[in-house]
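Listed below are the residues making up each chain.
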Amino acid sequence: MKKHPIEGFSNSTVNLSQLPSLAGIPYQVLSPEYPKLVVLQSTVIATFPLLVIGGFIALFSQLSFSQQPQNEPLDFNVIFYSLLLFGLLITGFIYLSYLEAKSKRYCLRQHDLILHYGVLSKNTIAQPFHRVQHIEVSQNPLELRFGLASLKLFSAGGFRHTFAI
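Residues numbered from 1 in each chain as written. Predicted model: local features only at pLDDT ≥ 70, side-chain atom pairs only at ≥ 80, totals over all residues. Heavy atoms only, no water.

1. Quick look at the overall build of the chain
Here is the rule we go by: Comment: elements are numbered from the N terminus, with helices defined as DSSP H or I runs of at least four residues and strands as E runs of at least two. Remark: exposure states derive from per-residue accessible area (1.4 Å probe, protein chains only) relative to the maximum for the residue type, with buried under 20%, exposed over 50%, and partly exposed in between. Whether two residues touch is decided by their heavy atoms; if any such pair falls within 4.5 Å, the residues are in contact. What sets the accessible areas is the Shrake-Rupley method with a 1.4 Å probe; for residues, cover comes only from the shown protein chains.
Check the secondary structure of the chain and you find 3 helices and 7 strands. Mapped in sequence order, the helices and strands of the chain form the string β-α-α-β-β-β-β-α-β-β. For the chain, the residues scored as buried account for 21% of the 165 residues in total. Within the chain, residue pairs in contact and separated by at least 24 positions form 46% of the contacts whose partners lie at least 6 positions apart. Accessible area of the chain: about 12500 Å², with a carbon and sulfur share of 64%.

Dropping the structure here:
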């Protein structure tokens, strides 16, 4: 084995069976108010594009109506089915946001904080405390109304938060 130029340096392989397991962790669920907040935020965020698209469809139908001969009726089915499709997409988005909020769990352990979440894909993030540079607690007006706050952990060397609870 070739010696490394730094005296005493070694980089041995790790036996995977000796690593701590993430199975069986006693996760804590977030506040029951959190999914309600997420549904409200998702509804506000998703309704805005629906209103804009609906406005364009209405404007386009008015323009095309003024250019049609008097004996040809305006096809409201196109408008109805377009708005129905967008409504179904937005409803799906809101429902997935709700399920995502319900799936969020955390576990505070001696040496780290673990966040587990996901519906379509499961994610687990473990943040060791010795890597935490700083934390940030914030409340937007809706969180304040629901009695909630966001806790953001920033990892050393990162410019974004590692995760938010």
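2. Comments concerning the side chain of S42
You can see S42 is positioned in helix α1 (residues 33-66). Taking the relative accessible area as the measure of exposure, S42 reaches 6% and is therefore buried. In this view, S42 contacts F93, I94 and S97; residues no more than four positions away in its chain are not counted.

3. Some thoughts on the sheet that holds strand β6 (residues 150-155)
Think of a sheet as strands paired side by side through backbone hydrogen bonds, with each pair either parallel or antiparallel. Spelled out, the test is: Pairing between strands requires that DSSP locate at least two bridges from one strand to the other. Only the stretch in contact is used when a helix axis is fitted, and all axes are lines through C-alpha atoms; the angle between N-to-C directions ranges over 0 to 180 degrees.
Spatial strand order, β5-β6-β7: 3 strands in an open sheet with antiparallel pairing. With partners counted over all chains shown, the strands left at the sheet margins are β5 (132-138) and β7 (161-164), one partner each. On average, each strand axis in the sheet is tilted by 20° relative to the strand beside it, whichever way the strands run. Alignment of β6 against β7, held across 3 bridges, turns out to be antiparallel. Within the sheet, the bridge partner assigned to F154 lies in β7 and is H161.

4. A closer look at the nonpolar core
Short version of the rule: Among buried residues, the Ala, Val, Leu, Ile, Met, Phe, Trp, Tyr and Cys ones that are joined through side-chain atoms within 4.5 Å form a nonpolar core.
Formed by L30, L113, L115, L153, F163 and I165, the largest nonpolar core amounts to 6 residues. Look past the residues within four positions of I165 in its chain and what remains in contact with it is L30, Y106, L113, L115, A149, S150 and L151.

5. Notes on the side chain of E143
Keep this limit in mind: By the counting scheme adopted, Arg and Lys are positive, Glu and Asp are negative, and His together with the chain ends is not counted. Salt bridge, as applied in this entry: a Lys or Arg side-chain nitrogen positioned within 4 Å of an Asp or Glu carboxyl oxygen.
One can find E143 in helix α3 (residues 141-146). Summary of buried charges: E143 has no salt-bridge partner, and the nearest side chain of opposite charge, K152, is 7.8 Å away. If we skip the residues at most four places from it in the chain, E143 touches L37, S138, L148, A149 and S150.

6. Focus: the pattern of salt bridges
Inspection of the entire model under this criterion finds 2 salt bridges. K36 is the salt-bridge partner of E33, the closest N and O atoms lying 3.3 Å from each other. Here E33 and its partner K36 are both found in helix α1, 3 residues apart, which amounts to about one turn of the helix. Owing to a relative accessible area of 26%, E33 belongs among the partly exposed residues under this scheme. Take K36: its relative accessible area is 47%, and that puts it in the partly exposed class. With a shortest N-O distance of 2.8 Å, D112 and R109 are connected by a salt bridge. For R109, a relative accessible area of 30% corresponds to the partly exposed category.

Geometric descriptors of this kind do not, in isolation, establish any biological role.
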